[in-house]
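Structural description and commentary
The residues making up each chain are set out below.
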Amino acid sequence: METTLVLLKPSCVQRQLIGEVVNRFERRGLRISGMKMMQLSDAILREHYAHLVEKPFFPSLAASMQASPVIALAISGKDAVQVVRTMTGATNGREAAPGTIRGDYSISNQQNIVHASDSVENAAIELKRFFKDEEIFDYTSNAFAYVYGEGECK
């Protein structure tokens, strides 16, 4: 089992899509292991987007990420990082396939509804950035018996 980070960005929060997006993850068979609403500080944005801080578009990106609170999610499941990345679709909503979260709810590169960790290693780093250990729960979902085959998620 893996756990990955998803941020429901201000474009999701402001458009009142929180429930719809969370529902898609749950309906797929993933488990919500942690969830909280938070206002992102300059410090956390600079750390999270350290690879983009020197880019000319960073101030616009930071402003858009601070336009409202975000919802931070810890999502768990078999191969959760890749499953979530596939579900979110291409970063640019105009290029995201229909049926993906961005393909269904976004036509923007910046206002693209969600952030999702891009690797198992980055998921571990990002989860620690947004959650304390005690805010992520490891519990058995009764639904897993109907989502995974026997022995598939051990």
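We now turn to the structure provided with this report. (Residues numbered from 1 in each chain as written. Predicted model: local features only at pLDDT ≥ 70, side-chain atom pairs only at ≥ 80, totals over all residues. Heavy atoms only, no water.)

**Observations concerning the pattern of salt bridges**
Inclusion rule: Salt bridges are counted wherever a side-chain nitrogen of Lys or Arg sits within 4 Å of a carboxyl oxygen of Asp or Glu. Each helix is a run of H or I in the DSSP string that is no shorter than four residues. Each strand is a run of E no shorter than two, and both are numbered from the N terminus. Burial status follows relative accessibility: with a 1.4 Å probe on protein chains alone, a residue under 20% of its type maximum counts as buried, one over 50% as exposed, and anything between as partly exposed.
As enumerated under the stated definition, the model contains 5 salt bridges in all. R24 is the salt-bridge partner of D104, the closest N and O atoms lying 3.0 Å from each other. Here R24 lies in helix 2 (residues 18–28) and D104 lies in helix 6 (residues 101–105), a separation of 80 residues in the sequence. Accessibility expressed as a relative area gives 38% for D104, which makes it partly exposed. On the accessibility criterion, R24 (21% relative accessible area) is partly exposed. Residue D138 pairs with R31 through a salt bridge whose shortest N-O separation is 3.6 Å. Highlighted residues: D138 in the loop between helix 7 (120–130) and helix 8 (144–147) and R31 in strand 2 (residues 31–38), separated in sequence by 107 residues. You can call R31 buried: its relative accessible area is 7%.

**A short note on the packing of helix 2 against helix 5 (residues 80–88)**
The geometry of a pair of packed helices is captured by two quantities: the angle between their axes and the separation between those axes. Worth spelling out the cut-off: Lines fitted to C-alpha atoms define the axes here, with helix axes fitted over just the stretch in contact, and angles between the N-to-C directions of these axes take values from 0 to 180 degrees. For classification purposes, an angle smaller than 35 degrees is called roughly parallel, one larger than 145 roughly antiparallel, one from 65 to 115 roughly perpendicular, and anything else oblique. Should the near helix be turned anticlockwise from the far one by less than a right angle, the crossing is left-handed, and should it be turned clockwise, the crossing is right-handed. Two residues qualify as a contact provided that any one of their heavy atoms is within 4.5 Å of a heavy atom in the partner residue. Think of it as three bins: nonpolar holds Ala, Val, Leu, Ile, Met, Phe, Trp, Tyr, Cys and Pro, charged holds Asp, Glu, Lys and Arg, and polar takes everything else, Gly as well.
Between helix 2 and helix 5, whose axes approach to 12 Å, the crossing angle comes to 130 degrees. In this view, helix 2 runs oblique relative to helix 5, as classed from their interaxial angle. Like other packed secondary-structure pairs, helix 2 and helix 5 cross with a definite hand, here right-handed. Where helix 2 approaches helix 5, its residues R24, F25 and R28 are matched on the opposing element by V83, V84 and M87. Classifying every residue of the contact of helix 2 with helix 5 by side-chain character gives 4 nonpolar, no polar and 2 charged.

**Quick word on the packing of aromatic side chains**
Definition in use: Pairing of aromatic rings covers Phe, Tyr and the six-membered ring of Trp, with a centre-to-centre limit of 6.5 Å; geometry is then stacked below 30 degrees between planes, edge-to-face above 60, and tilted otherwise. Charge-over-ring placement is defined geometrically: NZ (Lys) or CZ (Arg) within 6 Å of the ring centre, and within 35 degrees of the ring normal.
In the structure shown here, the tally under the stated rule is 1 aromatic pair. On the numbers, 5.2 Å between centres and 90 degrees between planes, the contact of F144 with Y148 is edge-to-face. This pair shows no difference in class: F144 is buried, exactly as Y148 is. Over the face of the ring belonging to Y139 we find R31, whose NZ or CZ atom lies 4.9 Å from the ring centre.

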